Amino acid sequence: MVFKSKAKKKIAISVVLIAIVAVVLICIYHFFFSTAAIKGEKFVGEYPSPNSTYTVEIYQNNGGATTDYAVLGVLRKKSDSSYARNIYWEHHTDSAEVKWLDDDTVIINGRKIPNVLKDKYDFRYSKN
């Protein structure tokens, strides 16, 4: 690519740098702040909603020698077998008590998730 002016060259370099920074920021968010990158290790159980519209699958994750156990809750839709959404992530626990209040609201270890399609619990952002 041949640039006819210094201004066009500066613009092209700026666009490339912005794209690189954007990709780095997206990767940092995905791997360090989002629960989407967390995979379940040891399957504990599955808990269907009252009308069986959804199922919450509970997994226990072992943090190894330096980190405590954690529990992951994954929401699945009966109507879409490929749908999976991490809705619960809690550290310092190795089990889960799951109770559905209705088809949209679940309580996992005392943490209420009012709308399973929109809300989630992540201990990293919890105030209590």
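Residues numbered from 1 in each chain as written. Predicted model: local features only at pLDDT ≥ 70, side-chain atom pairs only at ≥ 80, totals over all residues. Heavy atoms only, no water.

Draft legend 1. Quick look at the side chain of Glu90. Turning to its location among the elements, Glu90 is positioned in strand β4 (residues 84–91). Contact partners of Glu90, with chain neighbours within four places excluded, come to Tyr69, Ala70, Val71, Asn109, Arg111, Tyr121 and Phe123. (Helix = DSSP H or I, 4+ residues; strand = E, 2+ residues; numbered from the N terminus. Contact = heavy atoms within 4.5 Å.)

Draft legend 2. Fine view of the pattern of salt bridges. All told, the structure shown has three salt bridges when counted by the stated rule. Note that Glu90 is salt-bridged to Arg111, the shortest N-O span being 3.6 Å. Here Glu90 is found in strand β4, whereas its partner Arg111 is found in strand β7 (residues 111–113), with 21 residues between them in sequence. On the basis of relative accessible area, Glu90 is assigned to the buried category, the value being 12%. (Salt bridge = Lys/Arg side-chain N within 4 Å of Asp/Glu carboxyl O. Buried < 20%, exposed > 50% of the residue type's maximum accessible area, 1.4 Å probe, protein only.)

Draft legend 3. How the structure looks around the nonpolar core. If you look at the biggest cluster of nonpolar residues, it comprises 16 residues, and the most contacted ones within it are Leu75, Ile87, Trp100, Val106, Ile108, Ile113 and Val116. Every element with two or more residues in this core is listed here: β2 (54–61), β3 (70–77), β4, β5 (98–100) and β6 (106–108). Top contributing element to this core by residue count: β2, with three residues. The contact partners of Leu75, leaving out residues within four places of it in the chain, are Tyr54, Thr55, Val56, Tyr83, Ala84, Arg85, Ile87, Trp100, Val116 and Leu117. (Core = buried A, V, L, I, M, F, W, Y, C linked by side-chain atoms within 4.5 Å.)

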